[in-house]
Amino acid sequence: MENARGRAQHPYFKKTASAFEIWNKSDIIKILINQAPNRDYESKTEKTVMEKSGDHLFFPLAQLSKSESIFSGTDREEFSIKYKPIMMPILGKQLAVNTYYANDLIAAANTPITIELLRIFDDLKINFKVNRYDVTHEDRDHALDLAMAEIIQSKRSFLDQLDEQDFPAIQTRVETFLKNTLGSPKIKQFENHFQEVKGYLQMANSAISSDQKFIGTAAALDRIYQNEKEKFKLKKMESGETIDHIIKTCWLSLIIADALEDFDEKECETLSIICMGHDGGKCLIPKDILYKQGRHTQIESDIMKSHVLLSYILSSDNQHRPSLESFAMALHHQKENPDLPQSYSILEECRTSFYQYLTPEAQNQLNETYHLTKKYYRVISIADTFEAISAERVYKKASSIGKTLKIMLKEDKNNNFFYTPYLNAFIKVLLNRFFPHNLLFTISNEFIETFLASNQLSPQEKSFYKSTYKGIIINSCSTLDQTLDCVVYNIQNKNVVHNLKVSPDFFLDQIYL
């Protein structure tokens, strides 16, 4: 089959099935018996170890017991006889989708399969998919070109359908559902801080829903809201996960800006507008990709990345009026090291760059304006990542604040992911907020087992401990490397029974945004 440009259609471009066709177990048994006919495999092949579906092979290692391994021996240098004929052929082939464990990205789509990677999958019992056909950079670029052509066409249709007579109705709807979202704080831990940022959020709402230069962004937010209202059967006062994410990212960005000396009042207003429109481009991402519950393939991930370009196009009146705000919206996934695989934006030297889609005039203006955008996109990058990891989505569970920060710091090794001074300032804000001086905390079973019990206590003894003692954080800390000074005291006679130094991770791992 050939595509419109006359090129043979690679299997990579086909739409994959949503359900996997289980490979006949007898076929697996035949393969195993052909390799080693003198061994008895009947009892060892009760679990399906591989499934196939069109372009992918699926390996459900999660079905194996914890004690079962695809490797043999304590050193695990070789595959077991049982799994060797299945695993050897996939060495050097590519992962089909981004592969995670507990929200940690273990390996990205198209990563070559190695023994080391399979050991990780085996240890954690992670299900994974393998491309039956290797995807070259040329294939990937060509597939993205085709997808982008369709998306750009949908953008043109979307903007062409906007009638000036409809602007007031669109703006009124956007103002209303954003106002409803702002009316109920979404981050309970920062509820006291809400009054400080509420004015900026209201101002951004007013700008997006009244200034005609932002009509593209307003229409985008309106479409996102209408799509999620239909898909998730939203109730009257609900705004959907994307609008909630936008508001919370804006709120967190203002919290960071408030902790810095880099932002005055006018710049906080600009930051709020940028945040409010930063994900508007998602309205043009195909719904089956945007709301996919499974993991994205490489091409799906690349298509998702294009939302930064689309946010810029919509907020710049189809590139007729590029501005600092519109450029910054398209840079919120720009990393400090632009060559990182996770870095994508409209910047020319970015790993995944959409610079070529900018008009020559816009390219020149971006080059002149870029240095002014840094402070804005650096803040939004931190807030956006933190909210995305810590929040629940249709495809994942929420992560605790401790887990979220660990993931971000792991990504930020060598300080090339986030702008370190801003990230450190945000961590300091979190620590000061959650661990103020003289904070009283209850004694939990986990606290007893970790810090207080020299040996195993009975349930009755733990119950007595929890009812008789309380803890206090005497001194807080400003970095995750420091410890909290804590005491445990008897609530009846006020006597201190323990002086402890506790890592903030212990508490943060139990706190959810």
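The preceding data block contains the structure.
**A look at the state of the cysteines**
Scanning the entire structure with this criterion turns up zero disulfides. Summary of cysteine pairing: Cys268 is not part of a disulfide, and the nearest cysteine sulfur, belonging to Cys250, is at 9.9 Å.

**Quick look at the packing of aromatic side chains**
A ring pair, where both rings are aromatic, is described by two values, the distance of the centres and the angle of the planes. Under the criterion given, the structure shown has 23 aromatic pairs. Relative to Trp251, the ring of Phe194 lies with its centre 4.8 Å away and its plane at 55 degrees, an arrangement referred to as tilted. Of the two residues, Phe194 is situated in helix 6 (residues 191-208) and Trp251 in helix 8 (residues 241-258); the sequence distance between them amounts to 57 residues. With respect to burial, Phe194 and Trp251 carry one shared label: buried. An aromatic cluster is built from Phe435, Phe441, Phe447, Phe451, Phe506 and Phe507, whose rings are joined through pairwise contacts. Here the basic side chain of Arg119 rests over the ring of Phe71, its NZ or CZ set 5.6 Å away from the ring centre. One Lys or Arg, Lys375, reaches over the ring of Phe263 and ends 4.8 Å from the middle of that ring.

**Observations concerning unusual backbone geometry**
In the Ramachandran plot, Gln319 falls in the positive-phi region, its phi being about 70 degrees despite a non-glycine side chain. Position of Gln319 among the secondary structure elements: in the loop between helix 12 (307-315) and helix 13 (324-329). Positioned with a positive phi, Asn414 is a non-glycine residue whose angle comes to about 65 degrees. Mapped onto the secondary structure, Asn414 falls in the loop between helix 15 (401-411) and helix 16 (420-434).

**Examining the nonpolar core**
Phe263, Leu271, Leu309, Ile346, Phe447 and Leu508 are the most contacted members of the largest nonpolar core, which has 125 residues in total. In terms of residue count, the dominant contributor to this core is helix 14 (residues 360-390) (11 residues). Ignoring sequence-local partners within four residues, the contact set of Leu309 consists of Met148, Ile152, Ile346, Phe354, Tyr357 and Leu358. Leu64, Met87, Ile90 and Ala107 belong to the second-largest nonpolar core, a separate cluster that totals 20 residues.

**Overview of the packing of helix 9 (residues 265-277) against helix 14**
Each packed pair of helices is defined by two parameters, the angle between the axes and the distance between the axes. Helix 14 packs onto helix 9 with a crossing angle of 55 degrees between their chain directions and a minimal axis gap of 10 Å. Looking at the two axes, helix 9 sits oblique to helix 14. Classified by chirality, the crossing of helix 14 by helix 9 is right-handed. Seen from helix 9, the contacting residues are Glu267, Thr270, Leu271, Ile274 and Cys275; seen from helix 14, they are Lys375, Tyr376, Val379 and Ile380. Grouping the constituent residues of the contact of helix 9 with helix 14 by class yields six nonpolar, one polar and two charged.

**Quick word on the packing of helix 5 (residues 167-183) against helix 6**
The N-to-C vectors of helix 5 and helix 6 enclose an angle of 170 degrees; their axes lie 10 Å apart at closest approach. The pairing of helix 5 with helix 6 is recorded here as roughly antiparallel in orientation. Contact residues: Val174, Glu175, Leu178, Lys179 and Leu182 in helix 5; Phe194, Leu201, Gln202, Asn205 and Ile208 in helix 6.

**Details of the sheet that holds strand 10 (residues 439-442)**
The four strands are arranged 10-11-12-13 in an open sheet whose pairing can be described as antiparallel. Here the strands that pair on one side only, and so sit at the sheet edges, are strand 10 and strand 13 (496-502). Looking at each pair of strands side by side, their axes are set apart by 30 degrees on average, direction ignored. Relative to strand 12 (residues 484-490), strand 11 (residues 469-475) is paired through six bridges, and the arrangement is antiparallel. Bridge assignment links Gly471 to a residue of strand 12, and that residue is Val488. Relative to strand 11, helix 18 (residues 459-468) is tilted by about 55 degrees, and along the sheet it contacts strand 11, strand 12 and strand 13.

**So, helix 17 (residues 445-452)**
Every buried residue belonging to helix 17 is among Phe447, Ile448 and Leu452, and all of these are buried. Down the axis of helix 17, the sector holding all buried residues measures 100 degrees, keeping them to one side.

Conventions adopted
- Residues numbered from 1 in each chain as written.
- Predicted model: local features only at pLDDT ≥ 70, side-chain atom pairs only at ≥ 80, totals over all residues.
- Heavy atoms only, no water.
- Disulfide = S-S within 2.5 Å.
- Phe/Tyr/Trp six-rings, centres within 6.5 Å; stacked < 30°, edge-to-face > 60°.
- Helix = DSSP H or I, 4+ residues; strand = E, 2+ residues; numbered from the N terminus.
- Buried < 20%, exposed > 50% of the residue type's maximum accessible area, 1.4 Å probe, protein only.
- Lys NZ or Arg CZ within 6 Å of the ring centre and 35° of its normal.
- Core = buried A, V, L, I, M, F, W, Y, C linked by side-chain atoms within 4.5 Å.
- Contact = heavy atoms within 4.5 Å.
- Axes fitted to C-alpha atoms, helices over the stretch in contact; angles between N-to-C directions.
- Parallel < 35°, antiparallel > 145°, perpendicular 65-115°, else oblique.
- Left-handed = near helix turned anticlockwise from the far one by under 90°.
- Nonpolar A, V, L, I, M, F, W, Y, C, P; charged D, E, K, R; others polar.
- Pairing = 2+ DSSP bridges.
- Arc of directions from axis to C-beta.

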